[in-house]
Amino acid sequence: MKIAVLPGSFDPITTGHIDIVRRAKPLFDKIVVAVGVNSQKKYLFSLEKRLEWINEVFKDDDQVEAGFFEGLTVNYCKNIEARFLIRGLRNASDFDYEKTISQLNHIIGDDLETMFFISQPEYSHISSTIVREIIKGNGDVSAFVPDFIAKEITNNNY
Ligand code: ADP
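Residues numbered from 1 in each chain as written. Predicted model: local features only at pLDDT ≥ 70, side-chain atom pairs only at ≥ 80, totals over all residues. Heavy atoms only, no water.

With that settled, the discussion passes to the pattern of salt bridges. Counted according to the given criterion, the structure contains 11 salt bridges. Across the pair Arg-132 and Asp-11 runs a salt bridge whose closest N-O atoms are separated by 3.8 Å. With a gap of 121 residues between them, Arg-132 in helix H5 (residues 128-136) and Asp-11 in the loop between strand E1 (3-8) and helix H1 (15-24) connect regions that are remote in the sequence. Among the ionic pairs, Glu-65 bridges to Lys-30, the shortest N-O distance being 3.7 Å. Here the residue Glu-65 occupies a position in strand E3 (residues 64-70), and Lys-30 occupies one in strand E2 (residues 30-37), the gap between them amounting to 35 residues. (Salt bridge = Lys/Arg side-chain N within 4 Å of Asp/Glu carboxyl O. Helix = DSSP H or I, 4+ residues; strand = E, 2+ residues; numbered from the N terminus.)

Below is the structure:
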């Protein structure tokens, strides 16, 4: 079974992430959208909330599931027998960063392969960081996240 992991913070999941999953689906049997937990990092949304949103987005799709891990991505991949990582590339700075990480993961992850998807132009400006800034400024994020998430954010005054 071909299992791939899309690792990230997903704080929160955006339409950019969702499009990458949609495009990767024909290549794999299972895709795990995995929230990496870094105890040093401050998040806007709790791990539970981020997982709940991922589960809700893919609830009708048996091929996609949510997961989470602490520590090295390669260890998580080994544990769940995933041989592939999925990453999205929005611009040159994503590329520079991802190139190094992918080369390292290939070495320490026993030939773990990273598959890159160049983001579609309509999503390349979307990042969780920007979405969080808009939320903090009480702006409207409905163009960047699924409707139900935008509504929940507005209703709960995050
Ligand atoms: P990180 O915390 O490492 O930035 P994210 O949770 O933001 O991780 O994103 C996870 C993955 O999704 C990364 O590979 C990132 O490049 C990709 N990604 C995020 N936003 C987009 C987008 N708008 N289009 C394509 N890929 C994206």
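This next bit is on the side chain of Thr-73. Its place among the elements puts Thr-73 in helix H3 (residues 73-79). Filtering out sequence-adjacent residues up to four positions away, Thr-73 remains in contact with Pro-7 and Leu-85. (Contact = heavy atoms within 4.5 Å.)

The ligand sits among 15 residues. The nearest are Ser-9, Phe-10, Gly-88, Tyr-123 and Ile-126. Within the backbone of Phe-10, a nitrogen or oxygen atom sits 3.1 Å from an oxygen atom of the ligand. Interatomic distance of 3.2 Å between a side-chain N/O atom of Arg-90 and a nitrogen atom of the ligand. Alone, the ligand offers 550 Å² of accessible surface; in the complex the protein occludes 88% of this. Under a 2 Å grid-point criterion requiring more than half of the atoms, the pocket assigned to the ligand is the largest pocket. The set of elements that each furnish at least two residues to the shell around the ligand consists of E1, H1 and strand E4 (84-89). Of the residues contributing to the shell around the ligand, the split by class is 6 nonpolar, 6 polar and 3 charged. (Near = heavy atom within 4 Å. Polar contact = N/O pair within 3.5 Å; in protein donor to acceptor, adjacent residues only side chain to side chain. Areas by Shrake-Rupley, 256 points an atom, 1.4 Å probe, with all protein chains shown as cover. 1 Å grid on protein atoms, 1.4 Å probe; cavity = no way out; pocket = protein on both sides within 12 Å on 5 of 7 lines; lining within 4 Å. Sits in = over half its atoms within 2 Å of the grid points. Nonpolar A, V, L, I, M, F, W, Y, C, P; charged D, E, K, R; others polar.)

The peptide bond linking Asp-11 to Pro-12 adopts the cis configuration, its omega dihedral lying at 5°. Note on placement: Pro-12 falls in the loop between E1 and H1. The backbone of Glu-81 shows a phi angle near 60°, a positive value even though the residue is not glycine. Mapped onto the elements of the fold, Glu-81 is located in the loop between H3 and E4. Glu-81 gets classed as exposed once you look at its relative accessible area, which sits at 61%. (Buried < 20%, exposed > 50% of the residue type's maximum accessible area, 1.4 Å probe, protein only.)

Everything listed here is a matter of geometry and, on its own, says nothing about what the molecule does.
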